[in-house]
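# Coordinate analysis (summary)
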Amino acid sequence: MIKTFVTKEVRESQQYAPHFKRLRILGMRFDAKYIAIILSLPFLIGSLFSFINTHLSVNAWILSGYIFIISFIFISILIGNYFYFKTYQNYYDIFMFGLKEDDTQAVLKNIYEDYPVIKMLFLCLILAYLPASFSYYATQNQVFSFSDSIFILILVYFMTFLGIAFLARGTIRSLPLGKSHVQISTLAILNKMVPNGIVAMEWAFKDRKREITFEPVDLETGRALMQVALQKDSLLDSVPPSDYLAKTRPNVVLALMESFAMNCLVLDDPIHNDLLGKLRPFYENSFTFKRFLSSSSGTAPSLAYLYFNSPIQNISQSIAQKTPLAHTPFLAYKKQGYKTIFITSGNIMWRNLGNYLPLQGVDEIYDQSHIIDIFPEARKTLSYWGIADEFAFALAEKCLLENDEPVFINILTITNHPPYQVPNHYQTLPIQPNLLEKRFGKNHEERSNMLSTFQYASNALGQFMQNITQSAVKNKTILAATGDHHVRSLSANLPEQYFIAHAVPFILHIPDEIQQNLNITFDPKRIGSHKDIMPTLYAVSLSDIEYWNLGGQNLLAPSVNDHYNFAYNEQIWADHHGVICHSDNLTKYTWKDDMLVADETHLSTTEETNKINAYKKLLFWQINFQVKGSN
């Protein structure tokens, strides 16, 4: 497959030699994983037979028969994967189920006419017969009998058991070997060479289970929902022309920070419990919105809302995983001549993002493997979920300084995540773990680790922002950051802290030179959520563009759009009247102060209820429209 599908230039390039090495090693690990799984059944059966006085011929026939059937099926799958790749430029994926969903007879006829089915069938039979006949001969003639010592036999038995278990898992420290491990290169074609057909087919079946059904929608239904939810007839909005922005085209960086949340930041104290580190000057002096909600309580759904306008968190793994969306933030910037870049300190194959993001307008993608290639010292910080965030920021800084064209950079951080580990070289600033007593963790060490990791991630962001604001691109780079969701497992005083429990900050640094040429009004008490991030960034960086808007507004605009003046999270809805918990029943709480709510109250009008319900339906209507269109 490498020889057929990877160009000779790439195969012979010294630049990609380390990538091929990783490819072959990881490929062998996947092979070993499934070989171990295949052999686990005869190993267990053989163990049972050791206690039963069965004839060697019976054992030999059972084992060889099993090996023949499994070999035939799996070799057929492997060969089929080659031809599938030749047709679809990808290993087996969810679209292989088209055999069932399309005209099955026509598809089978097409396969028979286009591929050497009969020849391959005979080849599979021969290749399956060889190991089956060998296993029969070896069992019948006890080829591998080597000792009569019961101690040695027991030792070999347990070593074999442990070996099979280890190979079947494929890893020691991280999650079991799987799809999240295949990103070994910056070239997508090399990543696609890693899994064998068995692996790919297993992934396809798992994706199938997660499949979401998308259907064409009715346009009149959509317009009715828009009217009730947003008082508009179209989801397309525009940014007015700006001669200054059209000429300047500032760089834009947006960091989606793991668990960077207000439910922990309310405990920040610069002297005794410093949770910001070098981020403090930017947090206190930039445009920082604290009355701000994340889209969801998870990274994947928040990312899907923010970048794909999708309330379906696994859209990148669904039947729509190969469907380019007409409107994404990446495309909005790309159409204006920006290079679009996505960087994560984790693994880009998480949620199939490595394959999905390029379809949505991302030019360059980097994850932990690529960052380690560029900054080898990052390998020392590799943990269960990825590498230390500081190296993702270092790569972003490198991209900003080395690109002559404007760039739109998106960073997904990972460090501030259980099991909460900071790099060994990081010197923690003062923290007070006792503040979390009875609210988080089992002991002092666990609470200390969480606060230290939160501080480290904030400090890494602050160091990056400091570096950029002191660099050659300081006057033409807009920096933004928000959290993906609240700090999990940190108890809240409900209902008083309903809003804080879902709040994340939104920090926006705009160079003075750009500010002076824009009409900016900053109200730190303005309410917002993830839906408002891109409209705000568009307004301060782009000129004369059209974009998809789900009720977001420019938070720095001189006036407020009353119809868009709300914050949305999958659990709660907030506006100037109060906070409404809408995940089950609609329960409303009035404001006690800027962040806390008072006792429960009645919804004032049916208009509130209708608006919330219509907005939630609109979210699903529009993603179906983007994927399947209208009927």
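Model, not experiment: these values are computed from the prediction.

Parameters and conventions
- Residues numbered from 1 in each chain as written.
- Predicted model: local features only at pLDDT ≥ 70, side-chain atom pairs only at ≥ 80, totals over all residues.
- Heavy atoms only, no water.
- 1 Å grid on protein atoms, 1.4 Å probe; cavity = no way out; pocket = protein on both sides within 12 Å on 5 of 7 lines; lining within 4 Å.
- Points joined across faces, edges and corners; volume = space filled by probe spheres on them.
- Helix = DSSP H or I, 4+ residues; strand = E, 2+ residues; numbered from the N terminus.
- Nonpolar A, V, L, I, M, F, W, Y, C, P; charged D, E, K, R; others polar.
- Phe/Tyr/Trp six-rings, centres within 6.5 Å; stacked < 30°, edge-to-face > 60°.
- Buried < 20%, exposed > 50% of the residue type's maximum accessible area, 1.4 Å probe, protein only.
- Lys NZ or Arg CZ within 6 Å of the ring centre and 35° of its normal.
- Expected span 1.5 Å × (residues − 1).
- Core = buried A, V, L, I, M, F, W, Y, C linked by side-chain atoms within 4.5 Å.
- Contact = heavy atoms within 4.5 Å.
- Pairing = 2+ DSSP bridges.
- Axes fitted to C-alpha atoms, helices over the stretch in contact; angles between N-to-C directions.

## Side note on the layout of surface pockets
- Size it by volume and the largest pocket reaches roughly 1900 Å³.
- Surrounding the largest pocket, 44 residues form its lining, Pro42, Phe43, Gly46, Leu63 and Thr139 being those nearest its centre.
- At the level of secondary structure, the elements contributing two or more residues to the lining of the largest pocket comprise α3 (17–49), α4 (56–88), α7 (117–140) and α8 (150–169).
- Of the residues belonging to the lining of the largest pocket, the class tally is 30 nonpolar, 13 polar and one charged.

## A short note on empty space enclosed by the protein
- Enumeration over the complete set of coordinates arrives at two cavities of 30 Å³ or more.
- Of the pockets and cavities examined, the largest cavity occupies roughly 40 Å³.
- Lining the largest cavity we find Ala300, Leu303, Ala304, Phe308, Gln313, Ser316, Trp350, Arg351 and Leu353.
- Examining the composition of the lining of the largest cavity, we find that four residues originate from one element, helix α15 (residues 299–308), more than from any other.
- Taken together, the residues of the lining of the largest cavity sort by class into six nonpolar, two polar and one charged.
- Quantified by volume, the second largest cavity comes out at close to 30 Å³.
- Around the second largest cavity sit Val253, Ala255, Leu461, Phe464, Met465, Leu479, Ala480 and Ala481, which together line it.
- Those elements that provide at least two residues to the lining of the second largest cavity are β2 (251–257), α20 (444–469) and β8 (477–483).

## Quick word on the packing of aromatic side chains
- A complete count under the given rule lists 38 aromatic pairs for this structure.
- Seen in terms of ring centroids, Tyr84 and Tyr92 are 5.3 Å apart; in terms of plane orientation they differ by 50°. Their pairing is tilted.
- Residue class for Tyr84 comes out buried when judged on its relative accessible area of 9%.
- Here Tyr92 falls in the buried class, since its relative accessible area comes to 8%.
- Consider the rings of Phe330 and Phe408, whose centres lie 6.1 Å apart with planes at 50°: the pair is tilted. Placement of Phe330 in helix α16 (residues 329–334) and of Phe408 in strand β7 (residues 407–412) is noted, with a sequence separation of 78 residues between them. Across the pair, Phe408 and Phe330 agree in class, each one buried.
- In this structure, Lys531 is placed above the aromatic ring of Phe566, and the distance from its NZ or CZ to the ring centre is 4.2 Å.

## A look at α4
- Taking 1.5 Å per residue as the helical rise, α4 with its 33 residues ought to reach 48 Å, and the 47 Å between its terminal C-alpha atoms agrees with that figure.
- Positioned one or two residues after α4, Gln89 has a phi angle of 55°, which is positive.

## Points about the nonpolar core
- With 121 residues, the main nonpolar core has Phe308, Ile409, Phe464 and Leu537 as its most contacted residues.
- Per element, the largest residue contribution to this core is ten residues, and it comes from α20.
- Excluding anything up to four places from it in sequence, Leu537 contacts Val252, Leu254, Tyr333, Ile478, Ala480, Leu508 and Leu542.
- Val10, Met96, Leu177 and Met349 belong to the second-largest nonpolar core, a separate cluster that totals 31 residues.

## Quick notes on the environment of Gly163
- Its location among the elements puts Gly163 in helix α8.
- Taking the C-alpha atoms as reference points, Gly163 and Ala36, separated by 127 residues in sequence, lie 8.3 Å from one another.

## A word on the sheet that holds β7
- Spatial strand order, β3-β9-β8-β2-β7-β5-β6: seven strands in an open sheet with mixed pairing. Since the sheet does not close on itself, it has two edges, and those belong to β3 (287–289) and β6 (364–366), each with one partner. Put simply, the sheet's adjacent strands are angled 10° from each other on average, direction ignored.
- Where strand β5 (residues 339–344) lies against β6, three bridges are found, and the strand directions are parallel. Of the residues in β6, the one forming a bridge with Ile341 is Glu364.
- Sheet contacts for α15: β2, β5 and β7; angle to β2, the most-contacted strand, approximately 155°.
- Its contacts with the sheet put α20 on β2, β8 and β9 (506–509), and the angle it makes with β8 is roughly 170°.

Fair warning: the whole summary comes from geometry, so function is off the table for now.
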